[in-house]
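Listed below are the residues making up each chain.
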Amino acid sequence: MPRAGLTQERIAATAAEIADEVGLDQLTLAAVAKRLNVSGPAIYKHRSGLDDLQRDVAVLAVNELTATLSAATVGRAGSDALRALADAYRGYARRHPGRL
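Residues numbered from 1 in each chain as written. Predicted model: local features only at pLDDT ≥ 70, side-chain atom pairs only at ≥ 80, totals over all residues. Heavy atoms only, no water.

What is the right way to read the pattern of salt bridges from this model?
What the rule picks out here adds up to nine salt bridges. Across the pair Arg-35 and Glu-17 runs a salt bridge, and its minimum N-O distance is 3.8 Å. Of the two residues, Arg-35 sits in helix H2 (residues 29-35) while Glu-17 sits in helix H1 (residues 8-22), which places them 18 residues apart along the sequence. Between Asp-80 and Arg-83 there is a salt bridge; the shortest N-O distance is 3.6 Å. Of this pair, Asp-80 and Arg-83 are both found in helix H5 (residues 78-95), three residues apart, which corresponds to roughly one turn of the helix. A single salt-bridge network, built from bridges that share partners, covers Arg-47, Asp-52, Arg-55 and Asp-56. (Salt bridge = Lys/Arg side-chain N within 4 Å of Asp/Glu carboxyl O. Helix = DSSP H or I, 4+ residues; strand = E, 2+ residues; numbered from the N terminus.)

So what exactly am I meant to see when it comes to the side chain of Thr-14 here?
As for its position among the elements, Thr-14 is in helix H1. Look at Thr-14 and you get buried, because its relative accessible area is 7%. Every residue in contact with Thr-14, bar those within four places of it in the chain, is listed here: Val-32, Arg-35 and Leu-36. (Buried < 20%, exposed > 50% of the residue type's maximum accessible area, 1.4 Å probe, protein only. Contact = heavy atoms within 4.5 Å.)

Sorry, what's going on with the nonpolar core here?
Across soluble globular proteins, nonpolar side chains have a tendency to be buried as a group. Residues Ile-11, Leu-27, Val-32, Leu-36, Val-38, Ile-43 and Leu-53 are the most contacted members of the largest nonpolar core, which totals 15 residues. Among the secondary structure elements, those contributing two or more residues to this core are H1, H2, helix H3 (40-44) and helix H4 (50-73). It is H1 that contributes the most residues to this core, four residues altogether. Setting aside chain neighbours within four positions, we find Leu-53 in contact with Ile-11, Ala-15, Leu-27, Thr-28, Leu-29, Val-32 and Arg-47. In this structure, Ala-61, Leu-69, Ala-72 and Ala-88 belong to the second largest nonpolar core, which totals six residues. (Core = buried A, V, L, I, M, F, W, Y, C linked by side-chain atoms within 4.5 Å.)

Structure representation (structure tokens):
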């Protein structure tokens, strides 16, 4: 049975934080387990391996980036929208370098 409070969403968010700190290529299940203060096998009750974890980070990033870009361009058109889109994308990439 999965540990109380340990969800796929919490694991993905923690993995994304770690990826921002060390890079997606350096992300490990052990690092996520340590950050969440659980044993390594506890993560496997939610994710089958590193590929699943990296996919979760990618999906989280796409959802966050979509919301960020949408918010930046609402009510804008033409070159103003394009500039806002570029600024928002660059800002997201700077804040979350391990997710892209």
